[in-house]
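The chain contents come next:
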Amino acid sequence: MIRIEKLHKSYPIGKDSLHVLKGIDLHIKEGEFVSIMGSSGSGKSTLLNIVGLLDVHDEGNYYLNGQLIKDLNEKKAAILRNKFLGFVFQSFNLISYKTALENVALPLYYKGMARKERLKIAQEYLEKVELGPWANHLPNELSGGQKQRVAIARALVTKPKVVLADEPTGALDSTTTDSVMDLLKDINDEGMTVFVITHEEEVAEQTKRVVRLKDGLIISDELTATGKAKTV
Amino acid sequence: MKFLFDSDTWQEIYGSIRKNKVRTAITIIGVLWGIFLLVVLLGAARGLENSFNKLFGNFATNSVFVWTQSTDTPFKGFQEGRRFTLTMNDIDVLKSEYSDEIKLLAPRNQTNNLIIKDFKSGDFRVSGDYPILDQIQKKQLLYGRFLNQNDILSIAKVAVISEDMYKQLFEINEFPIGQYIKINSISYKVIGVYKPSNTVNFDGDCAYIPFTTFRKVYNTANKVDWMMITANEGTDIEQMEKDVLLTLKGLHKVHPDDERAFGSVNLGKEIGKITGFIIGMQFLTWFVGIATLIAGVFAIGNILLITVKERTKEIGIRRALGATPKSIRQQIILESVFLTTIAGMLGIILGSLVLFLIDTAFGQGEDATLINPTVNIPIILIAFVTLIVLGTLIGLIPAHMATVVKPIEALREE
Ligand SMILES: Nc1ncnc2c1ncn2[C@@H]1O[C@H](COP(=O)(O)OP(=O)(O)O)[C@@H](O)[C@H]1O
Ligand SMILES: [Mg+2]
């Protein structure tokens, strides 16, 4: 699903440049549930953003669903994002003046789906994250956990191949963290590839594979207990 | 173009407008004010122009009036302060010498007399005239007709009286035509009743009788009190006035530089001044209106730019969810066009309303100062289309700004 070879990425800082990713090799197959761990500033978000086509890499190869990502124009990137990827952010990134239902339906709008159908499907996904009754509430009327579930519903509504989550539980307490992780597990059980950044061991343990990053390099890549149990 | 008819497009615009009520209102007011000002100023200018036109409307505007006064310079053995009169000979000479320039030449004799009808009477002016007077200043007839060539040739004792004379001398509802009035003890048959112009009026309430009849009755022989000259189109009326006066000075042995001997009024010159004023005002109107419009459009561009900056993050989110740069651009431009259109329409409606109020307040009645203050539909349409085009162009800038940043940079914005 995702294949990364010798990936490099630097950020220009004034005249200098900051070398953040220093040759990453990573292969994630369809249906995997992978977490990335690493200290702050180790390049986790940078990697996820490149995978999510929100940013571009400098060197190396990146294949998404077998397609080499190179010199992609913004229009093609937008279409690929809409078709293959679903995003969940730490800060939820809901649109404040749209209701939960409208937020969930938005990716379908960019897919070109008719409004009625769109809202129907969005409602189904809201039910799935147990927020059916909250459909017509604005984000600021929802709790953090509820907002993140809306964001997850929005990420899922286009049936993407990969869900990318950058510290989805970073702003949540432990109870809501569990409910969000349960949701991600369910998604993965349905066959979707899930790629999640976290710095909490408890969260990483619930995924099937942990990749550890340090100073822009992968220092370990192994299956978790859950992962081993499932594969056996 | 399909996206224009997509209810979702409008849903999105409605959402963003509803979210930004204040800035939407400010934007709309900016453009609204521009087009409102343009409509009202143009309408008012038109109204003023109409009023001036009405003022001179029934007068041939390229006319010169000439009369005699007294000389201010001794000449050819004559003392200064000599009085003299115009004659029919002058009329003939002018007619033949200026046949190219002069269109109409009306000699006139006037006096004041008691006019009697049965037991009623009043003091009025009596004027001996040719039918061409009607061409120089159109007479609005309430009854009957104006003088004609037949009256002149037959030296008929007929009179065309004013509306006020009719009211003063006749019974209410009495039919005036064919009745007789006495002027200076001589009976005249009334052949017409006219309504005097309430604007430019040199005759006042006046009974018009044939020039020939006047000459015979008042024994004026060759004498002419004054004359009205109307120039042919394309004639330099000021030059013609100078030439005519010079010829007349020659005929009457007046010094060529004598300033007082002849009095004259050049209506064309007077009107020229006013026309210049109106043109100046129209120019100013356009200038102010267009400048305001442009300022309004820039306000839209500016506010959209601010909005785009404010909404960088939102745009980033939308792009992460699959919004193409084109769809983002379309939305911003459409928002710009939509706002300018709404503002423009409101401006036109409000402007028309104000023009309507102006019309009600100043445009009605006899001495209206702003008659029919209107704007041409094509002019407004052009202004409107320009507005929309400018709205689109100015919307391109923020739309471009919204899509040049990488989605991740937009998302990082707080
Ligand atoms: N746009 C940017 N410009 C410059 N430096 C950046 C930018 N984004 C991230 N960085 C730097 O790159 C390093 C890695 O950042 P990031 O990938 O966000 O780390 P993580 O998510 O693991 O905390 C950090 O040192 C960060 O300061
Ligand atoms: Mg990070």
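About the cut-offs
- Residues numbered from 1 in each chain as written.
- Chains lettered and ligands numbered in written order.
- Predicted model: local features only at pLDDT ≥ 70, side-chain atom pairs only at ≥ 80, totals over all residues.
- Heavy atoms only, no water.
- Core = buried A, V, L, I, M, F, W, Y, C linked by side-chain atoms within 4.5 Å.
- Buried < 20%, exposed > 50% of the residue type's maximum accessible area, 1.4 Å probe, protein only.
- Helix = DSSP H or I, 4+ residues; strand = E, 2+ residues; numbered from the N terminus.
- Contact = heavy atoms within 4.5 Å.
- Buried area = accessible area lost by both parts, 1.4 Å probe.
- Salt bridge = Lys/Arg side-chain N within 4 Å of Asp/Glu carboxyl O.
- Polar contact = N/O pair within 3.5 Å; in protein donor to acceptor, adjacent residues only side chain to side chain.
- Nonpolar A, V, L, I, M, F, W, Y, C, P; charged D, E, K, R; others polar.
- UniProt positions renumbered as here; feature names shortened; annotations may be inferred.
- Near = heavy atom within 4 Å.
- Areas by Shrake-Rupley, 256 points an atom, 1.4 Å probe, with all protein chains shown as cover.

1. Overview of the nonpolar core
Item 1. Counting residues in each nonpolar core, the largest one holds 50 residues, and the members touching the most others are A:Ile2, A:Ile4, A:Leu47, A:Tyr62 and A:Phe195.
Item 2. With five residues, strand E2 (residues 16-28) of chain A is the largest single contributor of residues to this core.

2. Some points on the interface of chain A and chain B
Item 1. Each partner contributes residues to the interface: chain A has 28 residues there, and chain B has 26 residues.
Item 2. Per-residue buried area on chain A facing chain B is highest for A:Leu54, A:Tyr97 and A:Tyr110; these three make up 30% of the total on that side.
Item 3. Where chain A touches chain B, the interface holds two salt bridges.
Item 4. Between A:Glu74 and B:Arg319 there is a salt bridge whose closest N-O contact spans 3.6 Å.
Item 5. The interface formed by chain A and chain B contains eight residue pairs in polar contact (both at pLDDT 80 or more).
Item 6. Those elements that provide at least two residues to the side of chain A that touches chain B are helix H2 (74-84), helix H3 (100-111) and helix H4 (115-128) of chain A.
Item 7. With six residues, the top contributor of residues to the side of chain A that touches chain B is H2(A).
Item 8. Grouping the amino acids of the side of chain A that touches chain B by side-chain chemistry returns 14 nonpolar, five polar and nine charged.

3. A closer look at the UniProt feature "transmembrane region" (unreviewed entry) in chain B
All names here are of chain B.
Item 1. UniProt records the feature "transmembrane region" (unreviewed entry) for residues 25-45, 283-308, 336-358 and 378-397 in the present numbering.
Item 2. Between the end C-alpha atoms of residues 25-45 the distance is 29 Å, and the span holds 100% helix and 0% strand.
Item 3. Annotated as 100% helix and 0% strand, the span residues 336-358 places its first and last C-alpha atoms 32 Å apart.

4. Remarks on the site of ligand 1
Item 1. Near ligand 1 you find A:Tyr11, A:Leu18, A:Val20, A:Ser39, A:Ser40, A:Gly41, A:Ser42, A:Gly43, A:Lys44, A:Ser45, A:Thr46 and B:Arg412, and these make up its full shell.
Item 2. More than one chain reaches ligand 1: its neighbouring residues belong to chains A and B.
Item 3. In the environment of ligand 1, an oxygen atom lies 2.7 Å from a nitrogen or oxygen atom belonging to the backbone of A:Gly41.
Item 4. Here an oxygen atom of ligand 1 and a backbone polar atom of A:Lys44 are 2.9 Å apart.
Item 5. Coverage of ligand 1 by the protein chains reaches 67% of its 560 Å² of free accessible surface.
Item 6. Of all the elements in the fold, those that place two or more residues in the shell around ligand 1 are E2 and helix H1 (44-51) of chain A.
Item 7. Here the element with the most residues in the shell around ligand 1 is H1(A); it accounts for three residues.
Item 8. Here the shell around ligand 1 is composed, by residue class, of three nonpolar, seven polar and two charged.

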